[in-house]
There are 4 protein chains.
Amino acid sequence: MNVSSNTVPLRLGMVGGGEGAFIGGVHRFAARLDGHFDLVAGALSSDTQRSLSSGLALGLAADRCYASFSEMAVAEAKRDDGIQVVAIVTPNHLHFAAAKAFLEQGIHVICDKPLTSNLEDAYALAKVARNSDSLFVLSHNYTAYPMVRQAREMVQKGDLGSIRLVQVEYAQDWLTEKVEASGAKQAVWRTDPKQSGKGGAIGDIGTHAFNLANFISGMVPKDLLADLDSFVEGRLVDDNAHILMRYAEGAKGMIWASQVAPGHENDLKIRIYGDKGGLEWQQTDPNKLWHSPLNENRQLITRGGHGQGDAAARVTRTPAGHPEGYLEAFATIYVEAAQAIRSKEAGESVDDLLCPTVGDGLLGMRFIVACIESSGQGAVWTKI
Amino acid sequence: MNVSSNTVPLRLGMVGGGEGAFIGGVHRFAARLDGHFDLVAGALSSDTQRSLSSGLALGLAADRCYASFSEMAVAEAKRDDGIQVVAIVTPNHLHFAAAKAFLEQGIHVICDKPLTSNLEDAYALAKVARNSDSLFVLSHNYTAYPMVRQAREMVQKGDLGSIRLVQVEYAQDWLTEKVEASGAKQAVWRTDPKQSGKGGAIGDIGTHAFNLANFISGMVPKDLLADLDSFVEGRLVDDNAHILMRYAEGAKGMIWASQVAPGHENDLKIRIYGDKGGLEWQQTDPNKLWHSPLNENRQLITRGGHGQGDAAARVTRTPAGHPEGYLEAFATIYVEAAQAIRSKEAGESVDDLLCPTVGDGLLGMRFIVACIESSGQGAVWTKI
Amino acid sequence: MNVSSNTVPLRLGMVGGGEGAFIGGVHRFAARLDGHFDLVAGALSSDTQRSLSSGLALGLAADRCYASFSEMAVAEAKRDDGIQVVAIVTPNHLHFAAAKAFLEQGIHVICDKPLTSNLEDAYALAKVARNSDSLFVLSHNYTAYPMVRQAREMVQKGDLGSIRLVQVEYAQDWLTEKVEASGAKQAVWRTDPKQSGKGGAIGDIGTHAFNLANFISGMVPKDLLADLDSFVEGRLVDDNAHILMRYAEGAKGMIWASQVAPGHENDLKIRIYGDKGGLEWQQTDPNKLWHSPLNENRQLITRGGHGQGDAAARVTRTPAGHPEGYLEAFATIYVEAAQAIRSKEAGESVDDLLCPTVGDGLLGMRFIVACIESSGQGAVWTKI
Amino acid sequence: MNVSSNTVPLRLGMVGGGEGAFIGGVHRFAARLDGHFDLVAGALSSDTQRSLSSGLALGLAADRCYASFSEMAVAEAKRDDGIQVVAIVTPNHLHFAAAKAFLEQGIHVICDKPLTSNLEDAYALAKVARNSDSLFVLSHNYTAYPMVRQAREMVQKGDLGSIRLVQVEYAQDWLTEKVEASGAKQAVWRTDPKQSGKGGAIGDIGTHAFNLANFISGMVPKDLLADLDSFVEGRLVDDNAHILMRYAEGAKGMIWASQVAPGHENDLKIRIYGDKGGLEWQQTDPNKLWHSPLNENRQLITRGGHGQGDAAARVTRTPAGHPEGYLEAFATIYVEAAQAIRSKEAGESVDDLLCPTVGDGLLGMRFIVACIESSGQGAVWTKI
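A quick note: this is a predicted structure, and the numbers were derived from the prediction, not measured.

### Looking at unusual backbone geometry
Inference 1: In this model, Lys 113 of chain A is joined to Pro 114 of chain A through a cis peptide bond whose omega is -10°.
Inference 2: A positive phi is found at Asn 295 of chain C, a non-glycine position, where the angle reads about 65°.
Inference 3: Position of Asn 295 of chain C relative to the elements: it lies in the loop between strand 12 (288-293) and strand 13 (298-302).

### Regarding the packing of aromatic side chains
Inference 1: Here the structure, examined in full by the defined rule, presents 34 aromatic pairs over all chains.
Inference 2: Arranged with centres 5.2 Å apart and planes meeting at 55°, the rings of Tyr 145 of chain B and Trp 281 of chain B form a pair that is tilted. Here Trp 281 of chain B lies in strand 11 (residues 277-282) and Tyr 145 of chain B lies in the loop between strand 5 (136-138) and helix 6 (146-157), a separation of 136 residues in the sequence.
Inference 3: Accessibility expressed as a relative area gives 2% for Trp 281 of chain B, which makes it buried.
Inference 4: Taking the centre distance of 4.3 Å and the plane angle of 15° together, the rings of Phe 210 of chain C and Phe 367 of chain C count as stacked. Of this pair, Phe 210 of chain C sits in helix 9 (residues 201-217) while Phe 367 of chain C sits in helix 12 (residues 358-376); the two residues are 157 residues apart in sequence, bridging distant segments of the chain. Note on accessibility: Phe 210 of chain C and Phe 367 of chain C belong to one class, buried.
Inference 5: Here Arg 298 of chain C stacks its cationic end above the ring of Trp 290 of chain C, 4.2 Å away from the centre of that ring.

### Observations concerning the domain arrangement of chain A
Residues and elements named next belong to chain A.
Inference 1: Looking at chain A, the domain boundaries give domain 1 (10-134) and domain 2 (143-319 + 363-383).
Inference 2: Contacts between the two partners involve 19 residues from domain 1, matched on the other side by 18 residues from domain 2.
Inference 3: Contact between domain 1 and domain 2 buries roughly 1300 Å² in total, counting both sides, with carbon and sulfur atoms accounting for 58%.
Inference 4: On the surface where domain 1 and domain 2 come into contact, there are two salt bridges.
Inference 5: Close ionic contact of Lys 113 with Asp 204 constitutes a salt bridge, the shortest N to O distance being 3.6 Å.
Inference 6: Seen at the junction of domain 1 and domain 2, the total is five residue pairs in polar contact (both at pLDDT 80 or more).

### Structural notes on the UniProt feature "domain: GFO/IDH/MocA-like oxidoreductase" (unreviewed entry) in chain A
Inference 1: Residues annotated by UniProt as "domain: GFO/IDH/MocA-like oxidoreductase" (unreviewed entry) correspond here to residues 148-280 of chain A.
Inference 2: Along residues 148-280 of chain A, the helical share is 28% and the strand share 34%, with 10 Å between the first and last C-alpha atoms.

### Observations concerning the sheet that holds strand 1 (residues 10-15) of chain A
Residues and elements named next belong to chain A.
Inference 1: Pairing is parallel across the open sheet formed by five strands, whose spatial order is 2-1-3-4-5. Looking at the sheet topology across the chains shown, the edges are occupied by strand 2 (37-43) and strand 5 (136-138). The mean angle between the axes of side-by-side strands here comes to 25°, regardless of whether they run parallel or antiparallel.

### Description of the relation of the copies chain C and chain A
Applying a rotation about an axis and a shift along it to one chain copy brings it onto the other copy.
Inference 1: Between chain C and chain A, the superposition needs a rotation of 180° and an axial shift of 0.0 Å, giving an RMSD of 0.1 Å. Such a combination of turn and shift is consistent with a two-fold rotation axis. For chain C, the smallest separation between a C-alpha atom and the rotation axis is recorded for Gln 299 of chain C, amounting to 2.2 Å.
Inference 2: Same-surface contact between copies: 100% of interface residues of chain C are shared with the interface of chain A.

### What about the sheet that holds strand 2 (residues 37-43) of chain D?
Residue and element names in this part refer to chain D.
Inference 1: Spatial ordering of the open sheet is given by 2-1-3-4-5, a layout of five strands whose pairing is parallel. Each having just a single partner strand, strand 2 and strand 5 (136-138) make up the two edges of the open sheet. Averaged over all pairs of adjacent strands, the angle between their axes in this sheet comes to 25°, without regard to strand direction.
Inference 2: Pairing geometry for strand 4 (residues 108-111) and strand 5, over three bridges, is parallel. When the bridges of strand 5 are listed, Val 109 appears paired with Phe 136.
Inference 3: Along the sheet face, helix 3 (residues 69-78) touches strand 1 (10-15), strand 2 and strand 3 (85-88) and points at about 130° away from the line of strand 2.

### Digging into the interface of chain C and chain A
Inference 1: If you look at the interface, chain C gives 10 residues, while chain A gives 10 residues.
Inference 2: In this assembly, chain C packs against chain A so that about 960 Å² is buried in total across both faces, 49% of it on carbon and sulfur atoms.
Inference 3: Linking chain C with chain A are zero salt bridges.
Inference 4: Linking chain C with chain A are six residue pairs in polar contact (both at pLDDT 80 or more), by the criterion used here.

### A look at the pairing of strand 10 (residues 267-274) of chain D
All names here are of chain D.
Inference 1: The buried fraction of strand 10 amounts to eight of the eight residues, a majority that puts the element mostly inside the structure.
Inference 2: Burial along strand 10 is two-sided: Asp 267, Lys 269, Arg 271 and Tyr 273 facing one way and Leu 268, Ile 270, Ile 272 and Gly 274 facing the other are all buried.
Inference 3: The pairing of strand 6 (residues 163-171) with strand 10 spans eight bridges and is antiparallel. When the bridges of strand 10 are listed, Ala 171 appears paired with Asp 267.
Inference 4: Pairing analysis gives five bridges linking strand 10 to strand 11 (residues 277-282), with the strands arranged antiparallel. Within strand 11, the position partnered with Arg 271 by the bridge is Glu 280.

### Notes on the interface of chain A and chain B
Inference 1: On the chain B side, the residues contacting the 44 residues of chain A number 44 residues.
Inference 2: Taken over both partners, the interface formed by chain A and chain B buries close to 3400 Å², and the fraction arising from carbon and sulfur atoms is 57%.
Inference 3: Across the chain A-chain B interface, the total number found is eight salt bridges.
Inference 4: Arg 271 of chain B is paired through a salt bridge with Glu 169 of chain A; the nearest N and O atoms lie 2.7 Å apart.
Inference 5: Top element by residues in the side of chain A that touches chain B is strand 9 (residues 252-258) of chain A. It accounts for six residues.
Inference 6: Among the residues forming the side of chain A that touches chain B, the class breakdown is 18 nonpolar, 15 polar and 11 charged.

### Regarding the relation of the copies chain A and chain B
Inference 1: The transform that puts chain A on chain B rotates by 180° and translates by 0.0 Å along the axis, for an RMSD of 0.0 Å.
Inference 2: A shared binding surface is used by both copies, with 100% of the interface residues of chain A retained as interface residues in chain B.

### What about the pattern of salt bridges?
Inference 1: Under the definition given, this model contains 92 salt bridges over all chains.
Inference 2: Here Asp 239 of chain A makes a salt bridge to Arg 235 of chain A, at a shortest N to O gap of 3.0 Å.
Inference 3: Judged by its relative accessible area of 0%, Asp 239 of chain A falls in the buried class.
Inference 4: By relative accessible area, which is 6% here, Arg 235 of chain A ends up buried.
Inference 5: Ionic pairing is found between Asp 229 of chain C and Lys 252 of chain D, a salt bridge with its closest N-O pair at 2.7 Å.

### Description of the UniProt feature "domain: Gfo/Idh/MocA-like oxidoreductase N-terminal" (unreviewed entry) in chain A
Inference 1: According to UniProt, the "domain: Gfo/Idh/MocA-like oxidoreductase N-terminal" (unreviewed entry) feature falls on residues 11-136 of chain A.
Inference 2: Secondary structure across residues 11-136 of chain A divides into 42% helix and 17% strand, with the first and last C-alpha atoms of the span separated by 16 Å.

### Quick word on helix 5 (residues 119-131) of chain A
Residue and element names in this part refer to chain A.
Inference 1: Its 13 residues place the ends of helix 5 18 Å apart at the C-alpha level, agreeing with the 18 Å of an ideal helix rising 1.5 Å per residue.
Inference 2: If you check which residues of helix 5 are buried, you get Leu 119, Asp 121, Ala 122, Leu 125, Ala 126, Val 128 and Ala 129.
Inference 3: Buried residues along helix 5 sit against helix 4 (95-103), strand 5 and helix 12 (358-376).
Inference 4: Where helix 5 begins, the side chain of Asn 118 points an oxygen toward the backbone nitrogen of Glu 120, at a separation of 3.1 Å.

### Examining the side chain of Arg 317 of chain D
Inference 1: Along the polypeptide, Arg 317 of chain D turns up in the loop between helix 10 (310-313) and helix 11 (326-345).
Inference 2: A polar atom in the side chain of Arg 317 of chain D sits 3.2 Å from the backbone oxygen of Glu 328 of chain D.

### Topic: the packing of helix 5 (residues 119-131) of chain C against helix 12 of chain C
Residue and element names in this part refer to chain C.
Inference 1: Their axes nearest at 10 Å, the elements helix 5 and helix 12 cross at an angle of 170°. Taken together, helix 5 and helix 12 sit at an angle that is classed as roughly antiparallel. Contacts between helix 5 and helix 12 pair Leu 119, Ala 122, Tyr 123, Leu 125, Ala 126, Ala 129 and Arg 130 from the former with Val 358, Gly 359, Leu 362, Met 365, Arg 366 and Val 369 from the latter.
Inference 2: Tallied by class, the residues present in the contact of helix 5 with helix 12 amount to 10 nonpolar, one polar and two charged.

### Section: the packing of helix 3 (residues 69-78) of chain B against helix 4 (residues 95-104) of chain B
Residues and elements named next belong to chain B.
Inference 1: The contact between helix 3 and helix 4 brings their axes to 9 Å, and the two run at 10°. Put simply, helix 3 runs roughly parallel to helix 4. Of the residues in helix 4, those in contact with Phe 69, Met 72 and Ala 73 of helix 3 are Ala 97, Ala 98, Ala 101 and Phe 102.
Inference 2: Each residue belonging to the contact of helix 3 with helix 4 can be placed in one class, and the counts come to seven nonpolar, no polar and no charged.

### Some remarks on the environment of His 27 of chain A
Residues and elements named next belong to chain A.
Inference 1: You can see His 27 is positioned in helix 1 (residues 23-33).
Inference 2: The class for His 27 is buried, based on a relative accessible area of 0%.
Inference 3: In the structure, His 27 is positioned 162 residues away from Trp 189 in sequence and 19 Å away in space, judged by C-alpha atoms.
Inference 4: Beyond its immediate stretch of four places on either side in the chain, His 27 contacts Met 14, Ala 87, Val 89, Ile 110, Asp 112, Ser 139, Phe 330 and Tyr 334.

Reading the values: the criteria
- Residues numbered from 1 in each chain as written.
- Chains lettered and ligands numbered in written order.
- Predicted model: local features only at pLDDT ≥ 70, side-chain atom pairs only at ≥ 80, totals over all residues.
- Heavy atoms only, no water.
- Helix = DSSP H or I, 4+ residues; strand = E, 2+ residues; numbered from the N terminus.
- Phe/Tyr/Trp six-rings, centres within 6.5 Å; stacked < 30°, edge-to-face > 60°.
- Buried < 20%, exposed > 50% of the residue type's maximum accessible area, 1.4 Å probe, protein only.
- Lys NZ or Arg CZ within 6 Å of the ring centre and 35° of its normal.
- Domains from an automatic or database assignment.
- Contact = heavy atoms within 4.5 Å.
- Buried area = accessible area lost by both parts, 1.4 Å probe.
- Salt bridge = Lys/Arg side-chain N within 4 Å of Asp/Glu carboxyl O.
- Polar contact = N/O pair within 3.5 Å; in protein donor to acceptor, adjacent residues only side chain to side chain.
- UniProt positions renumbered as here; feature names shortened; annotations may be inferred.
- Pairing = 2+ DSSP bridges.
- Axes fitted to C-alpha atoms, helices over the stretch in contact; angles between N-to-C directions.
- Least-squares fit on C-alpha atoms with pLDDT ≥ 70 in both.
- Nonpolar A, V, L, I, M, F, W, Y, C, P; charged D, E, K, R; others polar.
- Expected span 1.5 Å × (residues − 1).
- Parallel < 35°, antiparallel > 145°, perpendicular 65-115°, else oblique.

This is how it looks when you write it as structure tokens:
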């Protein structure tokens, strides 16, 4: 995966991601790695002074460090050298307004997940995005790992036969105690329904698990049943989710998403089984994919290795045995966004866009809402 | 774990376990390993001729190879050198009548799980067992692994704090195809409701998962919700179970039991999380127990190693690094049964019996019934 | 692997293995597991009183608890019901005299490794054994793991092509500190050249590594170079060995044997590479064998699984996913010894004896001597 | 690890790394990830046309695509906006002349390893570099993994006590067959003594293993013994190396470096043991470091996790559980080079430079030469 020939980097802006943020830095690494983007403007904080200091620290010109995304959208749209694309990395409740502001100015958007903080915003944003000529990309980064692409390709090719089971888990431990009470920035907004929406663990990590299951299996469940808990006393959102799923195709699934499981740093794992074989992948060991063809030895497919197919090869940067990680997968979202933007600007079709878009985001929001509804009624079966 | 001083082995009989059987051989290995039992009689098959030939092949005297368990119970009870204990290793539907026959003759019983093939038999057997002076032991062998004992002890000592989550899975792949159609003996009876009862995977392996969760956590769920499937067309019992659990103490749990998950030979795994730490154990790597104390490095506790406590040490035969396996754990059930029988015959208390007994068996049957009821009603919450 | 049809167990005696011993208990577990042996006599300690008390504790008749192996050999040979086979589980320096005493009485011998404590005794014992009508079996137990048999079979079948590399390591940590100074029985005799011979780690575990390499590869090195150390101050034997090997066939090898490597409980691992593939096996996870066919995905062969061949199947007791361990492998040595003894007594050939015998033991002693010579001269190349 | 505040990227040139190259692309990813460098000039191939086309494809101006490094060094030194630093990523035999050319023009150098293709060049380059005001950085990238830094820090702090053993292996399989015969570019030059020097596997990967051992242990062996092989018929350089090492401090070590070990993609692994504990790290699972404190449970230290110390934290980009890989570690070499260049240009000391420099490169060349000498004389002990 190399920079396409003789291209000028796209001009990138960023909303959110100032000092103390986590995901903003990740987006910047991802944007830089393959050389497709230059960060040239930002509304990095809602605090004017911090937005300026954060921007200067990142090498932005002072006059392109904006106090608000709305000001930035307007100002950049007027410049000849204005940004072509913006990364939105704020807490969830700001996604909608920010994305809308840029899309309306004809600026492409790469937005962090989940799509919004409530379903109404999600539908509204989906409408805006679909009516826009600009591209909307959602950073469900886990779909971009080469071995995830491999898994999807194998399912599509029928290597597993007819899919029966989709078992996903996403376990973390960083919210085992009430760390939001001590002011940890990442915890504070993620456990505040006003900023993150009604979903806690299901929004923050459950949507990743759900999205990944859909991406690999090629199916979306029709019904789910969710038993949500807030194990930490006084916490306002769920920190553990037990979810059952049913697919129209007859398959069944389970999701376990937890932020109170000691020993799990960031353990996203998916297993999928059909009548001809099974697959297993986990994010903390991402260069490996276990394949279990029925009645044969288990096999280890490796990124860059002999069993790797085309889909994985397209997003692989280093040879086998030279591990790629989280930032590389995230960067692939940026590469594919860049490719799509260039295709779009060249008037070519972007129908085969692999990176997630507003439809995935809307589905994720419907997943969150369905989980909350199901659990609120005592954990009953609910349509997604 | 050595033979107690100067003891004469107990005289053992066996019902079931003739040629072609699986679990009968396991019970015999287990009975032999520590020298506490001598197999001296058997009704190894319901076929008279096969019972004789199987018995002779095992070195039994011809006159102690019986055509039926009822004949055997009566005949052995009359002998001065008659069996003191019998192992019942038949298909499930025969457990009740066989166990009853021996208990009524004052002969101790070691019975394979699940307890019976229906709840009525289970209650009846429980009544017989509780009214008997003889001991009834159920071979939930997975509870006897040293690192399972370690896990239970750590929970009891409070090392995990207050328990929040119990995640269990028991996955196999041997029923992915309709092997019962080709006459494989193990598959035939296990998928025949008349022999195994209404539960398929939930009875055969789900009960192990459920029992193990109870054993380690020290808790029994009050409600469950089960979504059962028979993925293989024409199969008469479930081959996959997705189960959610709720405990009176506020904890939640998940069980996944499957016999159609390619790549899984016999993967029983349990993870348990409290507000102070987590534990993880899996049966295919049984000499290790992962301990994750909150906010510290993960640690690997090993059988025989520096972190091993008393409960594990009591059932450990070899030094650290010399792996023990399935037969050793199964044999520990026999050792503890032998110790309990000797205590009982010496008039001592057996209240601290660690190996599972009729109460565990009854609970397992209630679990099976609750799963079937829940699933039958569309997967709704059901009392156990 | 079941007891052969209708057989009477062989009468077994034991020399060594009284209270406080380690390997004696292992031999007894191994002898019991498959029902081929009854322990009926013992000279379990050189201390008369302890020999009696140890024997009684194991259920021996008082008149068959002997004060010395020489007395026992003579007395048992005279009895109609005398032992047919003896297990010698003493410290190394006693192996020769004990084995000789029993072989001269026509009693078969199962002897712990290494063969003797010096090369002179080894040659003498080899001569006695070869001139005897009785069988001599050496308990190099690691060769009896099913996946080790599988590896050997694959090498023989040419699955790896022409062998180029044999990489073996056997690392432990229990002698990292000077535990022999505090009187730990196992450490005391193993670090005392008078009892164990001149080799420390190379004798105790290096011989296992060497034997395993020969067993699987089907080759014996012609030259070696050893750099031995006694890292613990004042220790009289080596506690770490770095060894290079050269084979006549052109292959090369490495052995690392250490008893001062913190974190290693009993980590014996072998990897072998040819021009068509590689294999990897480790004793602490013994039910798995990694196979790496050149330019293909790595595969996991499991005991009892789909890729298992005949050689492994013959020594497998439980289905795939039901882990077997150290005692099962050790017991296989006893089963094969029993089979050989019965063949021999039936006048049949025992030329295809798989379990190690006096030739392997003599080779092991020559290995120890070559290592000590090589290291003594500054770590130079030495013929084995 | 973020871009330092408000800095302008350094202007970077590259020698080698045109179409078909491997390591050049890696250097470019590494230079881009953290935003410290802009690639603005190149002599990417010795073929003029390919140099131009490769440069244009990377977005270089046509007039800064040079036909030779000597032309480039002179031309760039004359420009006001000339490169400040050059990355040399050619086959080994060109390192010396290229590095000399740039250093003599006052341009900093980041050079791929090994330092040169022969010892004479190495000494000459060391002299040039030490007499230069410019910085010379060698890309021994494996030293920059956070958990490698953690290991080094723990050794320095005495967590392992006195070091006794250093066990290193670096195994690959890509040269198992004679792929150089089919023209594979990477294989052709690496197996050609004229381009790579006399060392094959020992130069290409053995030097990494040796360097890593020195970096973590803080010691350099005084003597070594090497048994080198070219297992593939007709190969002109070694493809397997068995090496023993002795340290002045009394420790011992082993290196196994192989490019003919089927199943190994790029398996660099180091284990180090002292009298108080052991450590284990492997490159294909780089976010974990096993720590075995003597007589305690083994512990897993993770990048970003609770047990991480300052040295690792300084080079960590993402939170625990978000795996970093090969490119991140390589990029850290570039970050530290950028920091050193800026310190140097600011007149500050760069004595605490962590990334490897010419001294490490010279040592690596002496290692290669010593291995070849030792092996040439039959594998005898040789001074490094």
